[in-house]
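Single-letter residue listing:
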Amino acid sequence: MPETFDLVIKGATVVNQDGEGQRDIGIRAGRIAGIGNLGSAKAAETLDARGLHVLPGVIDSQVHFREPGLEHKENLESGSRAAVMGGVTAVFEMPNTKPLTTDNGALADKVRRARDRMFCDFAFYVGATRENIDDIPALEKLESSAGMKIFMGASTGDLLVEDEPSLDRIIAKISRRAAFHSEDEARLRSRLGVRRPGDASSHPEWRDVEAAMIATTRLVRLAEKHRKRVHVLHISTADEIAFLRDHKAWASLEVTPHHLTLVAPECYQRLGTFAQMNPPVRDAAHLAGIWAGIADGTVDVVGSDHAPHTAEEKHHPYPDSHSGMTGVQTLVPVMLDHVNAGRLSLARFVDLTSAGPQRLFGIRNKGRIAVGYDADLTVVDLKRTETITAGWIQSVAQWTPYDGMKVKGWPVGTFVRGRRVMWAGAIEGKAHGAPVGFYEGQ
Ligand code: DOR
């Protein structure tokens with residue numbers, strides 16, 4: 001009896017834990033049900049994908065989709081359109097919305113809004129505050145909770161826990177891996193005068209290397225003391241990479257495409273406040289240091305830190321301009337361009353964007369192209385040259401720091417649990433987003 005599938009993707013080069021090779025993928029009931037030569041299988045639908053690469057679905061472990069409360073910048077639906085248009089199949093969304101996602105009710109509200117309205121799958125970080133420390137064990141376990149997020153330095157919104165006694169209590173309480181915005185608030189406050197009005201190139205001078213290092217060394221000290229897992233988000237300095245390389249037992253590292261692509265002072269001359277984000281984009285020595293962490297395996301995951309603000313908010317004169325840039329839609333093409341330029345292998349890209357998040361966060365049934373796993377797939381054309389334009393961007397914010405950038409390597413298809421949600425640049429069907437499951441959550 002020939003095997004029967006809902007869909008067979010034929011002839012693509014599949015990149016997974018078996019390496020890279022030409023194999024068919026059979027999908028049944030939203031799961032991967034067969035891999036190999038499926039030439040004799042029956043399929044309700046067949047997709048000829050010769051010449052394309054099929055990767056495990058890209059998981060973006062850091063996005064700000066702004067709903068509820070800041071929908072003039074983004075909403076869960078538009079953010080997820082941007083995600084799948086860019087080949088991203090699941091996102092972890094951040095808690096600095098209005099109201100803040102700091103309790104059960106706010107998280108349940110986000111899940112309600114997201115289910116069947118987002119095109120990709122989703123999880124939500126819960127923000128830690130001084131007030132909800134005792135609730136952390138329960139908050140970590142809620143449906144769709146990606147775990148706790150802690151802002152050690154202030155950025156967009158009101159979430160902030162900057163004092164060491166409170167950080168110590170939080171880290172003592174967590175049992176899952178918790179994610180940290182690691183900049184030292186006291187140093188940031190003491191250096192406000194370093195900012196030069198109208199000059200965004202002073203942003204990395206204000207939020208300097210020392211501010212990042214003070215926070216990251218403190219964080220690692222507390223993690224080692226309590227033997228708890230901490231995840232350092234959007235690392236911007238060569239110094240932190242060098243330090244964390246020797247402290248991997250309890251700390252994991254996330255970097256963004258923009259810290260791997262943009263470089264000061266050129267980015268501030270060209271983009272002004274549109275290159276402004278926290279922690280800042282820095283000079284070529286830091287860029288090289290972060291790439292070294294990609295090359296030697298120190299860096300665990302790449303997340304976009306998609307943080308949209310309207311063009312009007314970005315146009316305010318520095319320092320009143322808002323920090324953050326769009327990124328969920330450009331993560332895959334920008335990183336594939338780096339693959340084509342020889343800066344990382346395709347296998348390393350897969351490790352950073354699917355296997356890596358699966359391993360760190362204990363994601364159930366995602367992150368691999370293996371039988372039994374969710375059929376989340378990112379289909380890419382590695383040979384295609386395209387120009388990224390603001391017009392392509394699905395975000396409410398409608399701009400990208402990469403406008404006009406020519407890249408080689410392009411997302412051409414996105415499958416979420418076996419459903420084709422994007423093909424050849426068009427979003428297909430209705431939204432069916434569902435919560436990501438975790439071994440230590442739900
Ligand atoms: O630049 C940033 N923008 N960094 C953050 O950590 C927050 C983000 C935002 O929410 O706008």
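The structure presented is a predicted model; accordingly, all values stated were derived computationally and were not measured. (Residues numbered from 1 in each chain as written. Predicted model: local features only at pLDDT ≥ 70, side-chain atom pairs only at ≥ 80, totals over all residues. Heavy atoms only, no water.)

### Considerations on the sheet that holds strand E5 (residues 31-36)
Spatially, E5-E4-E1-E6 is the arrangement adopted by the four strands of the open sheet, whose pairing is mixed. At either margin of the open sheet sits one strand with a lone partner, and together these are E5 and strand E6 (42-48). Adjacent strand axes in the sheet meet at a mean angle of 25° when their direction is disregarded. Pairing analysis gives six bridges linking strand E1 (residues 4-10) to E6, with the strands arranged parallel. Looking across to E6, one finds that Lys10 is bridged to Asp48. (Pairing = 2+ DSSP bridges. Helix = DSSP H or I, 4+ residues; strand = E, 2+ residues; numbered from the N terminus. Axes fitted to C-alpha atoms, helices over the stretch in contact; angles between N-to-C directions.)

### Section: the packing of helix H13 (residues 331-340) against helix H14 (residues 346-361)
Each pair of packed helices gets described by two things: the angle between the helix axes and the distance between those axes. The interhelical angle for the contact between H13 and H14, taken along N-to-C directions, is 150°, at an axis separation of 9 Å. Comparing their axes, H14 and H13 come out roughly antiparallel. Handedness of the crossing formed by H13 with H14: right-handed. Contacts between H13 and H14 involve Leu331, Val332, Met335, Leu336 and Val339 on the former and, on the latter, Leu346, Phe349 and Thr353. When the residues that make up the contact of H13 with H14 are grouped by side-chain class, the tally is seven nonpolar, one polar and no charged. (Parallel < 35°, antiparallel > 145°, perpendicular 65-115°, else oblique. Left-handed = near helix turned anticlockwise from the far one by under 90°. Contact = heavy atoms within 4.5 Å. Nonpolar A, V, L, I, M, F, W, Y, C, P; charged D, E, K, R; others polar.)

### Structural notes on the packing of helix H4 (residues 164-173) against helix H7 (residues 209-226)
Remark: H4 packs on H7, axes separated minimally by 10 Å, with the N-to-C direction vectors making an angle of 40°. By the angle class used here, H4 and H7 are oblique. Where H4 crosses over H7, the two elements pack in a sense that is right-handed. Each of Glu164, Leu167, Asp168, Ile171 and Ala172 in H4 lies in contact with H7, whose residues at this interface are Arg218, Leu219, Arg221, Leu222, Ala223, Lys225 and His226. Its residues assigned to classes, the contact of H4 with H7 comprises six nonpolar, one polar and five charged.

### Some details on unusual backbone geometry
Among all residues except glycine, the phi angle is most often negative; among peptide bonds, the trans geometry is most common. A cis amide bond links Lys98 with the next residue in sequence, Pro99, at an omega value of 0°. On the secondary structure map, Pro99 appears in the loop between strand E9 (88-93) and helix H2 (104-114). Omega for the bond connecting Tyr318 with Pro319 falls within 30 degrees of zero, at 5°, which places this linkage in the cis form. With respect to the element layout, Pro319 can be found in the loop between helix H12 (311-315) and H13. Phi at Arg66 takes a positive value of approximately 70°, unusual for a residue other than glycine. With respect to the helices and strands, the residue Arg66 is situated in the loop between strand E8 (58-63) and helix H1 (76-85). Unlike most non-glycine residues, Ala424 shows phi in positive territory, near 50°. Its location among the elements puts Ala424 in the loop between strand E18 (419-423) and strand E19 (426-427). Residue class for Ala424 comes out exposed when judged on its relative accessible area of 60%. (Buried < 20%, exposed > 50% of the residue type's maximum accessible area, 1.4 Å probe, protein only.)

### Things to note about the nonpolar core
One finds Val91, Met148, Ile150, Phe180, Ile294 and Phe349 to be the most contacted residues of the largest nonpolar core, which totals 73 residues. Per element, the largest residue contribution to this core is six residues, and it comes from H7. When residues no more than four places from it in sequence are discounted, the contact partners of Ile150 are Ala128, Val161, Leu167, Ile170, Ala178, Ala179, Phe180 and His181. In this structure, Ile9, Leu188, Ile369 and Tyr402 belong to the second largest nonpolar core, which totals 44 residues. (Core = buried A, V, L, I, M, F, W, Y, C linked by side-chain atoms within 4.5 Å.)

### Some words on the site of the ligand
Neighbouring the ligand are 15 residues, the closest being Arg66, Asn96, Thr156, Asn278 and Ser323. His181 places a polar side-chain atom, nitrogen or oxygen, 3.0 Å from an oxygen atom of the ligand. The backbone of Gly324 places a nitrogen or oxygen atom 3.4 Å from an oxygen atom of the ligand. Within the complex, 100% of the 290 Å² of free accessible area of the ligand lies under protein. Residue composition of the shell around the ligand, grouped by class: three nonpolar, ten polar and two charged. (Near = heavy atom within 4 Å. Polar contact = N/O pair within 3.5 Å; in protein donor to acceptor, adjacent residues only side chain to side chain. Areas by Shrake-Rupley, 256 points an atom, 1.4 Å probe, with all protein chains shown as cover.)

### A word on the pattern of salt bridges
Pairs may arise between side chains of opposite charge once their charged atoms sit close together. Tallying each qualifying case throughout the model produces 37 salt bridges. Here Arg115 and Glu143 are joined by a salt bridge, their closest N and O atoms 3.1 Å apart. Of this pair, Arg115 sits in the loop between H2 and strand E10 (121-127) while Glu143 sits in the loop between helix H3 (136-139) and strand E11 (145-151), and the two are 28 residues apart along the sequence. You can call Arg115 partly exposed: its relative accessible area is 36%. Where Glu205 meets Arg196, a salt bridge forms, and the shortest distance between an N and an O atom there is 2.9 Å. Since its relative accessible area comes to 35%, Glu205 is described here as partly exposed. Its relative accessible area of 32% is what places Arg196 among the partly exposed residues. Salt bridges sharing common partners tie together Arg31, Asp121, Lys366, Asp374, Asp376 and Arg417. (Salt bridge = Lys/Arg side-chain N within 4 Å of Asp/Glu carboxyl O.)

### Some thoughts on the pairing of E11
Counting buried positions along E11 gives seven out of seven residues, so the element sits mostly inside the fold. For E10 and E11, the ladder comprises three bridges, and the chain directions are parallel. Note on E11: the bridge partner recorded for Val126 is Met148. In the sheet, E11 pairs with strand E12 (residues 178-181) via three bridges, with the strands oriented parallel. The partner of Ile150 across the bridge, within E12, is Phe180. For the segment spanning E11, H4 and E12, crossover handedness is right-handed. (Right-handed = clockwise from strand over helix to strand, strands pointing away.)

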